[in-house]
Amino acid sequence: MSAPNIRVYGNLEELSRAAAGEFSRLARETKPDGKPFTAALSGGSTPKPLYELLARPEFEIPWLRVHLFQVDERCVPPNDPQSNYRMIREALLDHIALPQSHVHRMAAERPDRDAAARSYEVELRGTLGVTASDWPRLDLIFLGMGDDGHTASLFPESAALDETERAVCPNWIGKLKMWRLTVTYPVLNAAAQVIFLVSGGKKAEILRDVLRSPGSSTPYPVQRVQPSSGTVTWYLDKAAARLL
Ligand code: 6PG
């Protein structure tokens, strides 16, 4: 893994504002192929302030030229407190004029999780205009990192870590005793830009291990995010970066 691009900010608010500015810059750039700007959003708690900022007019985001996807979702109803979509909707979608057809929600509540994953893959591929032989290349993916080194819903020792054929799949998370849907490494590693958002002192030790031992024999899931022709940038606050 090449030397990571690391940006350290004073706190989560400053980190979120910087990430919102980067999203806005990218979304306003006219793409050579004229296609819409495509971004995938993670769940969890860290990105919520970012999503709230993205809803503000000051960032001048051309929402009619943006498509939003999910990185992963818990297999719960979309109004469940655990739902990533619910968090994204409350923080961002309820406050912007983004056409419903530009919002791509993972229907992880469906009893047939495998069919839900396959449908989402079809939607992702179709929106990005890629055939089954190519991997969908998202313009930007926001990822978090758990204190066990997971990202998306790619947790240590979970089956989806080894998925190489599907872009989206169900994944049983033993430690949480729950099912999730997640994009897989082929999609993460096809992205043009990946931005990790990591905040808080609790993440400092795992972050040091992740960033200082990239070549370890048993990599953390987050270390396997290495876009073949894209960039990875770590947006950290001082507390998370204190051991670097
Ligand atoms: C999820 C996320 C997950 C998250 C990490 C970090 O569904 O929970 O997609 O991958 O990014 O668990 O979560 P925090 O930002 O809450 O620490």
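Residues numbered from 1 in each chain as written. Predicted model: local features only at pLDDT ≥ 70, side-chain atom pairs only at ≥ 80, totals over all residues. Heavy atoms only, no water.

## Some words on the pairing of strand 2 (residues 37-41)
Right, so step 1: In terms of burial, strand 2 is largely enclosed, as five of its five residues are buried.
Right, so step 2: Covered by surrounding structure in strand 2 are Phe37, Ala39 and Leu41 together with Thr38 and Ala40, the residues of both alternating faces.
Right, so step 3: What joins strand 2 to strand 3 (residues 66-70) is helix 2 (residues 48-54), and the crossover it makes is right-handed.
Right, so step 4: Across two bridges, the pairing between strand 2 and strand 6 (residues 140-143) is parallel. Looking at strand 6, one finds that alanine 39 is bridged to leucine 140. (Buried < 20%, exposed > 50% of the residue type's maximum accessible area, 1.4 Å probe, protein only. Helix = DSSP H or I, 4+ residues; strand = E, 2+ residues; numbered from the N terminus. Right-handed = clockwise from strand over helix to strand, strands pointing away. Pairing = 2+ DSSP bridges.)

## A few points about the sheet that holds strand 10 (residues 231-237)
Right, so step 1: Taken in spatial order, the seven strands make up an open sheet running 1-10-9-6-2-3-5, and their pairing is parallel. Every interior strand has two partners, whereas the edge strands, strand 1 (5-9) and strand 5 (103-104), have only one.
Right, so step 2: This element, helix 4 (residues 113-128), spans strand 2, strand 3 and strand 5 of the sheet and lies at about 155° to strand 3. (Contact = heavy atoms within 4.5 Å. Axes fitted to C-alpha atoms, helices over the stretch in contact; angles between N-to-C directions.)

## Digging into the packing of aromatic side chains
Right, so step 1: All chains considered together, the criterion is met by seven aromatic pairs.
Right, so step 2: Clustering of aromatic rings is evident, with ring pairs tying together Phe23, Phe37, Trp63 and Phe142.
Right, so step 3: Against the face of tyrosine 85 rests arginine 105, its NZ or CZ located 5.6 Å from the ring centre. (Phe/Tyr/Trp six-rings, centres within 6.5 Å; stacked < 30°, edge-to-face > 60°. Lys NZ or Arg CZ within 6 Å of the ring centre and 35° of its normal.)

## Re the site of the ligand
Right, so step 1: Near the ligand there are 15 residues, and of these Ser45, Thr46, Arg74, His150 and Ala152 occur at the shortest range.
Right, so step 2: A distance of 2.6 Å is found between an oxygen atom of the ligand and a side-chain nitrogen or oxygen belonging to threonine 46.
Right, so step 3: The contact in question runs from an oxygen atom of the ligand to an N or O atom on the backbone of alanine 152, over 2.5 Å.
Right, so step 4: Its residues assigned to classes, the shell around the ligand shows two nonpolar, nine polar and four charged. (Near = heavy atom within 4 Å. Polar contact = N/O pair within 3.5 Å; in protein donor to acceptor, adjacent residues only side chain to side chain. Nonpolar A, V, L, I, M, F, W, Y, C, P; charged D, E, K, R; others polar.)

## Observations concerning the pattern of salt bridges
Right, so step 1: Here the structure, examined in full by the defined rule, presents 15 salt bridges.
Right, so step 2: One salt bridge connects glutamate 58 with arginine 17, and the closest N-O pair in it is separated by 2.8 Å. Here glutamate 58, found in the loop between helix 2 and strand 3, pairs with arginine 17, found in helix 1 (residues 12-28); they are 41 residues apart in sequence, far enough to count as distant.
Right, so step 3: On the accessibility criterion, arginine 17 (33% relative accessible area) is partly exposed.
Right, so step 4: Among the salt bridges present, the one from aspartate 139 reaches lysine 31, with a minimum N-O distance of 2.8 Å. Placement of aspartate 139 in the loop between helix 4 and strand 6 and of lysine 31 in the loop between helix 1 and strand 2 is noted, with a sequence separation of 108 residues between them.
Right, so step 5: Each member of the salt-bridge network shares a partner with another, and the members are Arg86, Arg89, Glu90 and Asp94. (Salt bridge = Lys/Arg side-chain N within 4 Å of Asp/Glu carboxyl O.)

## Digging into helix 6 (residues 204-212)
Right, so step 1: Those residues of helix 6 lying buried are Ala204, Ile206, Leu207, Val210 and Leu211. Summarising the axial view, the buried residues of helix 6 lie within an arc of 160°, below the 170-degree limit, and thus occupy one face.
Right, so step 2: Packed against the buried residues of helix 6 are strand 1, strand 9 (193-198) and strand 10. (Arc of directions from axis to C-beta.)

## Points about helix 4
Right, so step 1: Over its 16 residues, helix 4 runs 22 Å from end to end, which matches the ideal 22 Å to within 8%, given 1.5 Å per residue.
Right, so step 2: Taken residue by residue, helix 4 has Ala116, Ala117, Tyr120, Glu121, Leu124, Arg125 and Leu128 as its buried positions. What you see down the axis of helix 4 is that its buried residues fit within an arc of 165°, all on one side. Looking at helix 4, the residues exposed on the side facing more than 90 degrees away from the buried face are Val122 and Gly126. (Expected span 1.5 Å × (residues − 1).)

## Re the side chain of aspartate 72
Right, so step 1: Among the secondary structure elements, aspartate 72 is positioned in strand 4 (residues 72-74).
Right, so step 2: A relative accessible area of 4% means that aspartate 72 is categorised as buried.
Right, so step 3: If sequence neighbours within four positions are ignored, aspartate 72 has contacts with Ser42, Gly43, Asn84, Met106, Ala152, Ser153, Arg180, Leu181 and Thr182.

Worth remembering: the numbers are spatial, not functional.
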